[in-house]
Amino acid sequence: MTDTGAGFRARSWLFAPGDSERKMEKAAAGTADIVVLDLEDAVTDDGKPKAREMIAAFLAAQPLEARNRLWIRVNPLDGPHTLADLAAVLPARPGGIMLPKARSRADVELLDHYLSALEVSAAIDQGSTKVIVLVTETAEAMFTTGSYRGAPRVVAMTWGAEDLADAVGASENRNPDGSYCFTYELARSLCLLGAAAAGVAAVDTIQGDFRDLDGLRRRAGKVRRDGFRGMLAIHPAQVDVINAAFTPGEEELAAAQEIVDLFAAHPGVGAVGHRGAMLDRPHLARAQALLASAGRA
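Conventions and cut-offs
Residues numbered from 1 in each chain as written. Predicted model: local features only at pLDDT ≥ 70, side-chain atom pairs only at ≥ 80, totals over all residues. Heavy atoms only, no water. pLDDT = per-residue confidence, 0-100. Contact = heavy atoms within 4.5 Å. Buried < 20%, exposed > 50% of the residue type's maximum accessible area, 1.4 Å probe, protein only. Helix = DSSP H or I, 4+ residues; strand = E, 2+ residues; numbered from the N terminus. Pairing = 2+ DSSP bridges. Right-handed = clockwise from strand over helix to strand, strands pointing away. Expected span 1.5 Å × (residues − 1). Arc of directions from axis to C-beta. Salt bridge = Lys/Arg side-chain N within 4 Å of Asp/Glu carboxyl O. Axes fitted to C-alpha atoms, helices over the stretch in contact; angles between N-to-C directions.

Things to note about the confidence of the model for the protein chain
Overall, the prediction assigns the protein chain a mean pLDDT of 92, with 97% of residues at 70 or greater. Long-range and interchain partners of residues 1–5, a stretch whose pLDDT sits below 50, account for 15 contacts in this model, where long-range means more than four residues apart.

A word on the pairing of strand β5 (residues 130–134)
Side-chain direction in a regular strand flips from residue to residue, so the side chains alternate between the two faces of the sheet. With five of its five residues buried, β5 lies for the most part within the structure. On β5, burial covers both faces: K130, I132 and L134 on one face and V131 and V133 on the other are all buried. Where strand β4 (residues 96–99) and β5 come together, four bridges link them in parallel fashion. Bridge pairing in β5 links I97 to V131. Regarding topology, helix α4 (residues 105–121) serves as the crossover connection from β4 to the parallel β5, and that connection is right-handed. Of the strand pairs in this sheet, β5 and strand β6 (residues 154–158) are connected by four bridges, and their pairing is parallel. Bridge pairing in β6 links L134 to T158.

A closer look at helix α6 (residues 182–198)
For α6, built from 17 residues, the straight-helix expectation of 24 Å at 1.5 Å per residue is met to within 8% by its first-to-last C-alpha distance of 24 Å. All of the buried residues in α6 are Y184, A187, R188, C191, L192, G194, A195 and A198. Each buried residue of α6 lies within a common arc of 165° when the element is viewed along its axis, so the set occupies one face. In α6, those exposed residues whose orientation departs by more than 90 degrees from the buried face are F182, L193 and A196. In this structure, the buried residues of α6 make contact with β6, α5 (162–168), β7 (201–204) and α7 (213–226). In the segment just after α6, G199 is the residue with positive phi, at about 75°.

Focus on the pattern of salt bridges
Pairs can form between side chains of opposite charge whenever their charged atoms are close. One pass over the structure, following the stated rule, counts 17 salt bridges. When the shortest N-O distance is used, the salt bridge between E40 and K101 registers 2.6 Å. Of the two residues, E40 sits in the loop between β2 (34–38) and α2 (48–60) while K101 sits in the loop between β4 and α4, which places them 61 residues apart along the sequence. The exposure classification of E40 matches that of K101, with both residues buried. For R73, the salt bridge is made with D41, and the minimal N-O distance between the two is 3.8 Å. Of this pair, R73 sits in strand β3 (residues 70–73) while D41 is found in the loop between β2 and α2, placing the two residues 32 residues apart along the sequence. Take R73: its relative accessible area is 8%, and that puts it in the buried class. Since its relative accessible area comes to 49%, D41 is described here as partly exposed. Three or more residues are tied together by salt bridges with common partners; here these are D38, E40, D41, R73, K101 and D163.

Notes on the sheet that holds β2
As summarised here, the arrangement of the eight strands in space is β1-β2-β3-β4-β5-β6-β7-β8, forming a closed barrel in which the pairing is parallel. Looking at each pair of strands side by side, their axes are set apart by 25° on average, direction ignored. Across three bridges, the pairing between β6 and β7 is parallel. The residue bridging T158 from the neighbouring strand is V203, located in β7. The strands that α4 touches are β4, β5 and β6; relative to β4, the one it contacts most, it runs at about 145°.

This is how it looks when you write it as structure tokens:
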């Protein structure tokens, strides 16, 4: 369920460790819209060279069209591993790159330079490798979430709470009831607003307890209503719940179509009465966006 450019759509983003062929195979065989083969947190420093080889070989073994949904989370640009990651995996033509711990738009621009050179070297169409940015994993990055409009290759933005807690020296990032503390809810909101400003998809962060599928369903439904277009997953069991939560139901689509049809029947008006309420142009825009997300524009 992916597209390119402004219409890019992906509901579920499932991580798989790049040093486990079995887990990569299981993830790729599943129903996730995007599979993120991980070279960062899931792999130790000593294991990264072997993981790069394993990911490159795994990608090369897949049909070319299947690689569009196989993305790579590389290591952060302020460390020693990113160039080696990219040089190893890009010739095998992954669909995209996840950039962790991005500090600002400047990091994306640097990544774009690296990718452009490697695409030319590998005879890949220049600019075809897409990027999702993790935008709240450092304290510095919290102040730059609005800087990504027009950033090259970026089609989505997501956020993280665990690295941010480390960055600020927090012992906990959750309240006693399990909800995120204020700073991390702020990070979620800044990601959503930054993505809206950039015109790209906002993707919510992981739910660590992969056994709590009811809690995942409630959370995914909430963040979708807030404006997120997908969610990260750490276990295959989470994928179908996420896909369902981010797929509009028939009743929802019918209600949106009713609004669109109502405005079409009254061209040129700014507001119309509907079921005891007044609807204006923002209601129409939301209805049109919902239908477009389901391919019914």
